[in-house]
Amino acid sequence: MTIRTNDNAASFPHRHLLGIEGLQPSEILTLLDLADQAVEVSRQVEKKKAVLRGRTQINLFFEASTRTQSSFELAGKRLGADVMNMSVASSSVKKGETLIDTAATLNAMHPDLLVVRHHAAGAVKLLADKVGCSVVNAGDGAHEHPTQALLDALTIRRHKGDIAGLTVAICGDIRHSRVARSNFLLLNALGARVRVVAPPTLLPASVDRLGVEVYTDMRTGLKDADIVMMLRLQRERMSGAFVPSVREYFRYWGLDAEKLGYAKDDALVMHPGPMNRGVEIDPEIADGPRSLIREQVEMGVAVRMAVLEALAAHLPNK
Amino acid sequence: MNGDANAANGTPKPVVLTNARIVDPARDLDAQGTVIIADGVIQAAGPEVDAKAAPANAEVIDCAGKVVAPGLIDMRVFVGEPGAEHRETLRSASKAAAVGGVTTLVTMPDTEPVIDEPALVDYVLRRARDTAIVRIHPAAALTKGLEGREMTEIGMLKEAGAVAFTDGRHSIANARVMQRLMTYANEFGALVMHHPQDANLSDGGVMNMGETATRLGLAGIPLEAEIIMLERDIRLVAMTGAAYHAAQISCGASAEIVRAAKANGHRVTAGVSINHLTLNENDIGSYRTFFKMSPPLRLEDDRRAMVEAVREGVIDVIVSSHDPQDVETKRHPFAEAADGAIGLETLLPAALRLVHSEEVPLMTVLRAMTSRPAELLGLDTGTLKPGAPADVIVFDPGTPWVLAKEDIVSRSKNSPFEDARFQGKVLRTLVAGRTVHPYSVRPA
């Protein structure tokens, strides 16, 4: 990565990354450019940089996520940070400690970067208001998951060249998805056309006000799409609460070759993971030639390196 | 002090309020005049009253054109006594009330234990008599333990001093239970107050359903949760003939339902919290938990519709819905924080916003907090008629001020109006002729 720290500070003027909301398109592009460089670094034999040397990064996960947590851990380590993982799901929070008490405890440990995943929307912002360090939102309830949207954008851009003008269909459990919300914001900011396709019970109220076209039928929703992004449907929502059964869901909203046939011939398939093969996606598609799913994981590490580096420019030096 | 206690520590000195703008909604009176208070009751109040008629030892206060009105009656106040005294005691609530010009408050039965037995009504009344500086009337539970299943001893509770019956924050889901409660309560002339919200439709929801909730990633509560329950209740009123009061409604559609029920001659009344008249869901901003309440704050269109319903008298009463919560219940992510906001101290100043914006006349706003609640509860307060208990406030509708957290008198500080600008402040509060605010002029 060749961009100097001072340039980063100017082109990404934020102390925290709490969401895609509030980011300018130019700032998103800065992060994507940085991430492109991080991909190169990660593909070298020598992967280590010194941007975060001497810095402490704490990954605070109130909700288990092996994938996101290890991605942030690897990103921090490749930039030279000391990384500590804290899984809080089983510790003091269960004993009634408030999030703000947790923040006070963490403050006393003097971390430089805090990566937070929490099951409640707004929780990461609440923490960010109470701690002295930089905070990265690694997913807060059904609100935002900004690094996922950034890695999706990076993956798309590397394959399609430009995001502007593309038609992206986001399909599945929109209602409970922070990935969907962050993607609406980011893809709109970069000029894509965003569609959502879901059973009506999995669409949140007034979602049409969020700059997306709403479909409930996969065939019309996928028509001429450049990108088909599938979302995970959680088990507890499959058996009657939101959709009647897995087999009915798969029949009407699962992505198979027939439905994908309605998208453009060069349409690509994405999924934030972890996948339920046979629920929202046919294994044939998930593991087929048009799937970018494995590449998304690689881009995840790169994007998180870019975010940590951009925030590092704002860390105090004394 | 409770409804019967009058000048507990000897008779206070007579007071004469001269040069006052007297606003007494019970008499539709808005005129310059004089109020004479002695022996804990209003002796005279009106433009024709001569201050010379007052007892010679009276304290004479020149109001200089400020408003003199009946003390406010707040029909929906949550306290922490018994059981959560760290949030609010009867005494601390009464002090906050005095500052806000509230001279009578109706306490909700949502305490620990729940106020569902005559002995507990008696306990609240005695604690109020011994510790509180304004009148406190308990509302008792409609169902044992607020569980929505078995009815309480409505007759004996009423005899013990309960002025109304409600399950407080809880809604009674079972229509048959509600139907029997109404039928039985009607026999005793008891007022059934209900928080109309369908528990299934609202389950998991934490704010108004719609675009804002979707953007914030929060689960929504649809208007229909309130509308369906309110319509059910009104059907049951039609069936049973009971006197029914919707404790709080939050949207224009509910106001229309109440309007229609009244037009059909049903004994239906409705309240609204001051929060729903002066705030909307946008105030939640980025997850501000002091704006989390039940029912949730709705859209600006709903707020306007509620204001209009108050102006027309479709909505009968304005309440503070004072609900003290501490850091242990509020300092959480939005979805996990408790509902509720304090409001005794800001009830009148916030209501005056509607007057200053010319949305509702002063007389109408005051009626909804004085004579209307008095009528619904069967109280002899809420008016300045000669012979009425001397619960009186003096306020300057023009005084500008800002609510600073450190000035909050309530034991809990969860005010949605922290740092808000107001115009209008209570200068003096008298209960049964005794000054309870400001404390500096309160006799020792």
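Scroll up to find the structure this text is about.
As a convention, each chain's residues are numbered from 1 in the sequence order in which they are written. A letter from A marks each chain and a number from 1 marks each ligand, given out in the order of writing. Given that the model is predicted, a residue must reach a pLDDT of at least 70 before its local features are reported, and side-chain atom pairs must reach 80 or more before they are shown or counted; all residues, however, enter totals for whole chains, interfaces and linings. Only hydrogens and water are set aside; all other atoms, that is, all heavy atoms of the structure, feed into the side-chain values.

With that settled, the discussion passes to the packing of aromatic side chains. Two rings from Phe, Tyr or Trp (for Trp, the six-membered ring) form a pair when their centres sit within 6.5 Å of each other. Planes less than 30 degrees apart are called stacked, planes more than 60 degrees apart edge-to-face, and all others tilted. Counting across every chain of the model gives five aromatic pairs over all chains. Counting every residue linked through ring pairs, the aromatic cluster contains Y249, Y252 and W253 of chain A. Either the NZ atom of lysine or the CZ atom of arginine qualifies as a charge over a ring when it sits within 6 Å of the ring centre and within 35 degrees of the ring normal. Against the face of F250 of chain A rests K259 of chain A, its NZ or CZ located 5.9 Å from the ring centre. One Lys or Arg, K425 of chain B, reaches over the ring of W401 of chain B and ends 4.5 Å from the middle of that ring.

Now for a nonpolar patch on the surface. Residues and elements named next belong to chain B. Patch membership requires over 30% relative accessible area and the absence of a salt bridge. Like charges are linked within 9 Å, and nonpolar side chains (Val, Leu, Ile, Met, Phe, Trp, Tyr) within 5 Å. Note on areas: Shrake-Rupley with a 1.4 Å probe; residue coverage comes only from the protein chains shown. What counts as a salt bridge is simple: a side-chain nitrogen of Lys or Arg found within 4 Å of a carboxyl oxygen of Asp or Glu. Judged by side-chain polarity, M151, Y184 and F188 come together as a nonpolar surface patch covering roughly 250 Å² of accessible area. Within the secondary structure, M151 sits in the loop between β8 (135-140) and α3 (154-160). When its relative accessible area of 31% is taken as the criterion, M151 is described as partly exposed. Helix and strand assignments come from DSSP, with helices taken as H or I runs of at least 4 residues and strands as E runs of at least 2, each series counted from the N terminus. The buried label applies to any residue whose accessible area, calculated with a 1.4 Å probe on protein chains only, is under 20% of its type's maximum; exposed applies above 50%, and partly exposed to all values in between.

Turning our eyes to something else, we now look at the pattern of salt bridges. Inspection of every chain in the model, using the stated rule, returns 46 salt bridges over all chains. In this structure, R331 of chain B and D101 of chain A form a salt bridge, with 3.9 Å as the shortest nitrogen-oxygen distance. With one member in each of two chains, R331 of chain B in the loop between α11 (327-330) and α12 (347-356) and D101 of chain A in helix α4 (residues 99-107) form a pair that bridges those chains. The class of R331 of chain B is partly exposed, set by a relative accessible area of 33%. Relative accessible area serves as the criterion here: at 29%, D101 of chain A is assigned to the partly exposed category. In this structure, the salt-bridge partner of E359 of chain B is R303 of chain B, at a minimum N-O distance of 3.4 Å.

Turning to the interface of chain A and chain B, a few remarks are in order. Counting residues at the interface gives 22 residues for chain A and 17 residues for chain B. On inspection of chain A and its partner chain B, the count reaches two salt bridges. The shortest N-O distance in the salt bridge between E211 of chain B and R209 of chain A comes to 3.2 Å. Side-chain atoms alone can form a polar contact between residues adjacent in sequence; in general such a contact is a pair of N or O atoms within 3.5 Å, and within protein one must be able to donate a hydrogen while the other accepts it. Counting every contact that joins chain A to chain B gives six residue pairs in polar contact (both at pLDDT 80 or more). If you list the elements that add at least two residues to the side of chain A that touches chain B, you get α4 and α5 (123-128) of chain A. Amino acids outside the nonpolar list (Ala, Val, Leu, Ile, Met, Phe, Trp, Tyr, Cys, Pro) and the charged list (Asp, Glu, Lys, Arg) are all regarded as polar, and Gly is one of them. For the side of chain A that touches chain B, the class distribution of residues is ten nonpolar, seven polar and five charged. A contact between two residues is defined here by any heavy atoms of the two lying within 4.5 Å.

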